[in-house]
Amino acid sequence: MIKKVLIANRGEIAVRVMRSCREMGIKTVAVYSDADRTSMHVSYADEAILIGKAPSSDSYLCIDKIIEAAKLSGAQAIHPGYGFLSENAEFSQRCQDEGIIFIGPSAKSIQSMGDKISARKCMIDAGVPVVPGTAASMDEENLLSTCREIGLPVIIKASAGGGGKGMRLVRDESELIEAYHEAKSEAQSSFSSDEVYVEKYIESPHHIEIQFLGDMHGNIVHLFDRECSVQRRHQKIVEESPSPFITEDVRQRMGEIAVKAAKSVNYVGAGTIEFLVDEKMNFYFLEMNTRLQVEHPITEEVLGIDLVKEQINIANGNALRFSQKDIEQRGHAIECRICAEDTENGFIPTAGIINSVRTPQGIGVRVDSFIYDGYEIPIYYDSMLSKLIVWATQRKYALERMRRVLYEYKITGIKTNIDYLRRIMDTHDFVNGEYTTHFIEENQKNLSSHDDNEEEAEKIAVIAAYMDYIVAKNSEFSVTQPPHGDQRPISRWRAFAKQKGVLRI
Ligand code: ADP
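Throughout what follows, the structure given in this document is the object of discussion. (Residues numbered from 1 in each chain as written. Predicted model: local features only at pLDDT ≥ 70, side-chain atom pairs only at ≥ 80, totals over all residues. Heavy atoms only, no water.)

## Describing the pairing of strand β19 (residues 365-369)
The side chains of a regular strand alternate between both faces of the sheet.
1) Next: For β19, the buried fraction is high: 5 of the 5 residues fall into the buried class.
2) Next: Two elements, β19 and strand β21 (residues 384-392), share 5 bridges in a ladder whose sense is antiparallel. Bridge pairing in β21 places R366 opposite I389. (Buried < 20%, exposed > 50% of the residue type's maximum accessible area, 1.4 Å probe, protein only. Helix = DSSP H or I, 4+ residues; strand = E, 2+ residues; numbered from the N terminus. Pairing = 2+ DSSP bridges.)

## Here we look at the packing of helix α1 (residues 11-23) against helix α11 (residues 307-315)
1) Next: Here α1 crosses α11 at 65°, and the two axes come no closer than 9 Å. The two elements α1 and α11 meet at a crossing, and its hand is right-handed. When α1 is examined against α11, the residues R16, V17, S20, C21 and E23 are found in contact with a partner set consisting of L307, V308, K309 and I312.
2) Next: In the contact of α1 with α11, the residues fall into 5 nonpolar, 1 polar and 3 charged. (Axes fitted to C-alpha atoms, helices over the stretch in contact; angles between N-to-C directions. Left-handed = near helix turned anticlockwise from the far one by under 90°. Contact = heavy atoms within 4.5 Å. Nonpolar A, V, L, I, M, F, W, Y, C, P; charged D, E, K, R; others polar.)

## A short note on the sheet that holds strand β3 (residues 47-52)
1) Next: Judged by pairing direction, the sheet is parallel, and its 5 strands sit side by side in the order β3-β2-β1-β4-β5 without closing on themselves. A strand with exactly one partner marks an edge of an open sheet, and here the two such strands are β3 and β5 (101-102).
2) Next: As defined by bridge partners, strand β4 (residues 77-79) adjoins β5 across 2 bridges and the pair is classed as parallel. For A77, the partnering residue across the bridge sits in β5 and is I101.
3) Next: On the sheet, α1 packs against β1 (4-7), β2 (27-33) and β4 and is oriented at approximately 175° with respect to β1.

Written as structure tokens, this is what we have:
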């Protein structure tokens, strides 16, 4: 029985894992870097061990230091969270070699699924539909003929890829060679491997994923779907469960295929199969993530299952505590990722001191967070501050609730994406659940800042006043012609309207 767990992570996920441990009566050990001395995960844990300097290569990615901390503290198990070492096969193996339980799948599973080419091969062998494309590394010689065979447009992808890096869309043969070399060099610099392959580009797809759990006794269940199509640069921003797009029949089939896929690799632990779903609801395997995902809470809320507790139960060697027929989706959950970023300036991450935080509360509200009044955000890590999760009996009520909690959430001192998320919740496409992975680019205008909207509103008010004026005075100006023949926007319109005494703004 696991009695003490070391959490090889930081931020909200470290705190979230510790919460489940505390409920289970399991002691927790935090590891932290120089930059994280005041982080909430350090104060929350029963013990905390400093493992190195701020850069993650000197701390959170340092296998030796983390293993040493586990031994020093007497932790029997390590939970890797997501990111950092969570999908590092060497780390999983090292834990096993040192007699420490890795709360995650075996090194073999991580390895076979971590490489996209080998994952595709495994899935093809298991009879899982994959995105049409190559099943081997691509060389320049066969590039053109392969792409012609698949049919343009295609995506060139890094085999070791992640986080949307090393990916290039090619719509025209003339772009092929350049895109190939760009993808290769980005792959090399991001993942130290320049292996790339080619996939058919699915137009206007949905990104829908299936959560699953497998135990050491060969039992595997799926935990239904998450819709993750609200993405910026292939990175998820908002997720919801169930997907508003797929039918019950497709949902069932996706679940069954996910179980088949997980069984084919004898998967143990929590995992996710990501699918691309086209307009006709054909679904294709995209990749398998061998860890807890950022968006796992929406599954937890809809099913009433604590995934971290299930991970620990599996790691203890116990059988799953439920079978497929016991698992049922109830109501609807939405998650928004709250990030410290300047949405007006290219979404650059912002650092600094948080003056104050007003956290939303109330029925159906969950905030997975690690920030507090006076907390200084280090520059070294991910910009995500917290996750706002709401649950309600129906999608429309979940949406109303998300709007309310985004209104309540106030973080002062730094810039965040909260207003941007509020605008997402107000778009016609999101409200109607009619969106694909192109949602952000298609809604660029609706998502632009409040300032723009205010300026737009002001302009409309001024123009309306001007039109009233010309109608009233039977002016010689035509409504389509701006006063003074000047096309410069608001200032001239305003000056003119003021001069005529029709406007006092
Ligand atoms: P990464 O592992 O880098 O996150 P993924 O393969 O999971 O990359 O893809 C990330 C996102 O990129 C997908 O959710 C989807 O929006 C887009 N994408 C990837 N492959 C394709 C494809 N073949 N066709 C269309 N969009 C794709």
